[in-house]
Amino acid sequence: MRSTAVTSIRPPYDPELEVGRASLPGAGIEPMDIAEMRRFTNHRPSPNQLTRDGAVIVEERLIPGPAGAPDITVLIMSPARGAGPWPAVYHTHGGAMVAGDRYLGAIALAEWVETLGIVAVSVEYRLAPEHPHPAPIEDCYAGLEWIAQNADELRVDPDRIVVFGSSAGGGLAAGVALLARDRKGPALRYQMLGCPMLDDRMLTPSSCMPDVESTNFRMGIETGWTALLGDAAGGPEVSLYAAPARADDLSGLPPAYIDVGGSEIFLDEAVDYASRLSHAGVPVELHVWPGGFHGFNSLVPHAAVSQTANQTRLAYLTRNLI
């Protein structure tokens with residue numbers, strides 16, 4: 001049972017984002033159920049959007065899942081030119097733990113492959129509620145192990161692997177980093193967490209903003225946490241790998257890039273996680289984009305603040321990997 005936190009006033013959305021948001025599918029005031037979330041995220045890019053006029057090689061593979069679990073499908077995008085070894089970005093998609101697939105966010109990944117000369121691997125993990133915790137995080141960790149074990153074939157530099165995800169994918173990316181540390185698994189060079197979904201307790205002021213749109217978004221996130229964790233959601237017995245904000249010890253984790261909108265409910269938990277990582281001796285780059293709602297930089301990519309946010313992510317990878 002979740003208790004009530006002190007609420008805060010939502011800062012106004014960036015004016016350009018506000019206009020763009022009004023035209024988005026699902027921009028009404030009613031919260032989406034799981035079936036609607038899945039329809040909303042079920043948009044497969046065209047082949048040319050991923051191959052980028054021949055600059056990117058796209059393939060899919062079925063790889064081993066966790067012990068005793070089904071195999072996993074991954075989407076792999078590699079540079080068409082050059083021999084490698086290249087850095088790798090391992091992508092865990094968003095979708096509130098209940099929606100999305102390996103193609104969600106793949107267009108931006110393909111751009112990184114072409115622009116930076118990296119290999120991008122996007123994992124299709126099992127979704128809740130059909131597959132509650134630990135299925136999603138264990139699938140994601142199995143994908144990371146597969147990349148490290150097959151680095152030569154993938155032409156990947158195993159010392160330059162980044163785990164990256166947004167929203168629920170950001171929470172899973174943080175969980176993968178924790179698992180890799182605690183299991184002494186593949187070494188991650190960086191973790192990149194976009195507007196991450198980290199805390200099932202949802203007790204921060206930003207998560208309780210008294211705003212119709214934020215409240216209905218909150219209801220959708222609560223649906224996701226309940227699907228993943230069942231009756232344990234919000235209680236004392238939740239795994240830190242499911243909700244990384246639960247981790248008491250953040251030392252020994254890879255350097256982190258964290259960004260979040262300044263007008264979204266995940267603001268406080270993202271900022272708090274960044275602060276705690278820094279206090280644990282982990283290098284952190286944190287960006288709070290003013291007026292940004294959840295996922296603004298992918299939902300309204302033409303807005304000036306979205307372009308700046310996306311260019312800043314690209315600059316971080318360029319500076320640290322290339």
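Up top is the structure these notes are about.
A few points on the structure. (Residues numbered from 1 in each chain as written. Predicted model: local features only at pLDDT ≥ 70, side-chain atom pairs only at ≥ 80, totals over all residues. Heavy atoms only, no water.)

**Some words on the sheet that holds strand β2 (residues 72-79)**
Sheets are built from strands that pair by backbone hydrogen bonding, the pairs being arranged parallel or antiparallel. One open sheet accounts for eight strands, arranged β1-β2-β4-β3-β5-β6-β7-β8; its pairing is mixed. Single-partner strands in this sheet number two, and they are β1 (56-63) and β8 (284-289). The sheet shows a mean angle of 15° between the axes of neighbouring strands, direction not considered. Here strand β3 (residues 86-92) runs beside strand β5 (residues 156-166); their pairing, made up of six bridges, is parallel. When the sheet's bridge partners are listed, Trp86 is paired in β5 with Val156. Those strands touched by helix α7 (residues 168-182) are β3, β5 and β6 (190-194), and its axis lies near 140° from that of β5. Relative to the sheet, helix α11 (residues 304-321) contacts β3, β5, β6, β7 (256-261) and β8, its axis offset from that of β8 by approximately 170°. (Pairing = 2+ DSSP bridges. Helix = DSSP H or I, 4+ residues; strand = E, 2+ residues; numbered from the N terminus. Axes fitted to C-alpha atoms, helices over the stretch in contact; angles between N-to-C directions. Contact = heavy atoms within 4.5 Å.)

**Some details on the packing of aromatic side chains**
Summed over all chains, the structure comprises five aromatic pairs. With a centroid separation of 5.1 Å and an interplanar angle of 45°, the aromatic rings of Trp112 and Phe164 are classed as tilted. With Trp112 in helix α4 (residues 106-117) and Phe164 in strand β5, this pair connects stretches of sequence that are 52 residues apart. The two residues Trp112 and Phe164 agree in class, both being buried. Note on Phe217 and Phe266: the rings are 6.1 Å apart at their centroids and 65° apart in plane angle, and the pair reads as edge-to-face. (Phe/Tyr/Trp six-rings, centres within 6.5 Å; stacked < 30°, edge-to-face > 60°. Buried < 20%, exposed > 50% of the residue type's maximum accessible area, 1.4 Å probe, protein only.)

**What to know about the pairing of β8**
Where β7 and β8 come together, six bridges link them in parallel fashion. Across the sheet, residue Tyr257 finds its bridge partner in β8, namely Glu285. At this point the chain moves from β7, through helix α9 (residues 267-279), to the parallel β8, and the crossover so formed is right-handed. (Right-handed = clockwise from strand over helix to strand, strands pointing away.)

**Some points on unusual backbone geometry**
Of all residues except glycine, most have a negative phi; of all peptide bonds, most are trans. With an omega of 0°, the peptide bond between Gly84 and Pro85 qualifies as cis. Along the chain, Pro85 turns up in the loop between β2 and β3. In this structure, Pro134 follows His133 across a cis peptide bond, with omega equal to 15°. The backbone of Arg155 shows a phi angle near 60°, a positive value even though the residue is not glycine. One can find Arg155 in the loop between α6 (151-154) and β5. Of note in the backbone geometry, Ser167 takes a positive phi value of approximately 60° without being a glycine. Exposure remark for Ser167: the relative accessible area of 11% places this residue in the buried category.

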